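As a plain string of letters, each chain reads:
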Amino acid sequence: MAVRFWELYEETKEQFRLKIVAGKAGMDTVVSWVHMLEDETIVSRFHGEELAITTGMKANEPGWLLQLVQRMSEDDCAGIIINTGMYLEKVPDEVIAWCDEHNFPILQMPWEISITELIQAYCMRIIDQKQIEKKIGNAFREIIKGHMSKESIRQEFGERYNI
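Owing to the predicted nature of the structure, the values given are computational and were not obtained by experimental measurement.

## Points about the sheet that holds strand β4 (residues 79-84)
Part 1 of the reasoning: Pairing is mixed across the open sheet formed by five strands, whose spatial order is β1-β5-β4-β3-β2. This sheet does not close on itself; its edge strands, each paired only once, are β1 (19-22) and β2 (33-36). Each strand of the sheet is rotated relative to its neighbour by a mean of 30°, with strand direction disregarded.
Part 2 of the reasoning: The pairing of β2 with strand β3 (residues 50-54) spans four bridges and is parallel. From the neighbouring strand, Met 36 faces β3, where its bridge partner is Ile 53.
Part 3 of the reasoning: Docked against the sheet, helix α3 (residues 93-102) engages β1 and β5 (106-110), running at close to 85° with respect to β1.

Listed below in structure tokens is the structure:
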């Protein structure tokens, strides 16, 4: 029930003018959180399943983006969204090829789209999903303990599971 990368993409692709650049086959991964990322050293602090967003400030350093996505992939990150237009006009072909080969998703978002709004929308979606999962988990615990009547069970799960 966790939030998957493809769900976030499908729900917001028009709003944030997102485009899949590479690694589409890897978009069924869970996204646990979203981070702004301009330096690859911070990836070591990630826990896995993170989605990163970058403006590509270090694009003038040769091989930087390829090294970043390789490091993120090694650390089980969900993918990256690149805010193109200011520092990076286009994702380099070598990065696209590597990401396609390794199923590591890259999305592109135009410079004029607010990174802050995207991060806020995605993090709120993740938090909302965690709250739903917590509520369902608590209800199941109550069922197992025998503390819920059949009517309460129908009320709690009826719409979600069509019972």
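That covers the picture; the talk isn't over yet.
## Some points on the packing of aromatic side chains
Part 1 of the reasoning: Under the definition given, this model contains two aromatic pairs.
Part 2 of the reasoning: On the numbers, 6.4 Å between centres and 85° between planes, the contact of Phe 16 with Tyr 122 is edge-to-face. Separated by 106 residues along the polypeptide, Phe 16 in the loop between α1 (5-12) and β1 and Tyr 122 in helix α4 (residues 115-145) bring together distant segments of the chain.
Part 3 of the reasoning: On the basis of relative accessibility, which here comes to 1%, the residue Phe 16 falls in the buried class.

## A word on the environment of Pro 92
Part 1 of the reasoning: Following the sequence through the fold, Pro 92 ends up in the loop between β4 and α3.
Part 2 of the reasoning: Among the residues examined, Pro 92 registers a relative accessible area of 30% and is labelled partly exposed.
Part 3 of the reasoning: Counting along the chain gives 26 residues from Pro 92 to Leu 66, while the straight-line C-alpha distance between them is 8.5 Å.

Each value, and the rule that gives it
Residues numbered from 1 in each chain as written. Predicted model: local features only at pLDDT ≥ 70, side-chain atom pairs only at ≥ 80, totals over all residues. Heavy atoms only, no water. Pairing = 2+ DSSP bridges. Helix = DSSP H or I, 4+ residues; strand = E, 2+ residues; numbered from the N terminus. Axes fitted to C-alpha atoms, helices over the stretch in contact; angles between N-to-C directions. Contact = heavy atoms within 4.5 Å. Phe/Tyr/Trp six-rings, centres within 6.5 Å; stacked < 30°, edge-to-face > 60°. Buried < 20%, exposed > 50% of the residue type's maximum accessible area, 1.4 Å probe, protein only.

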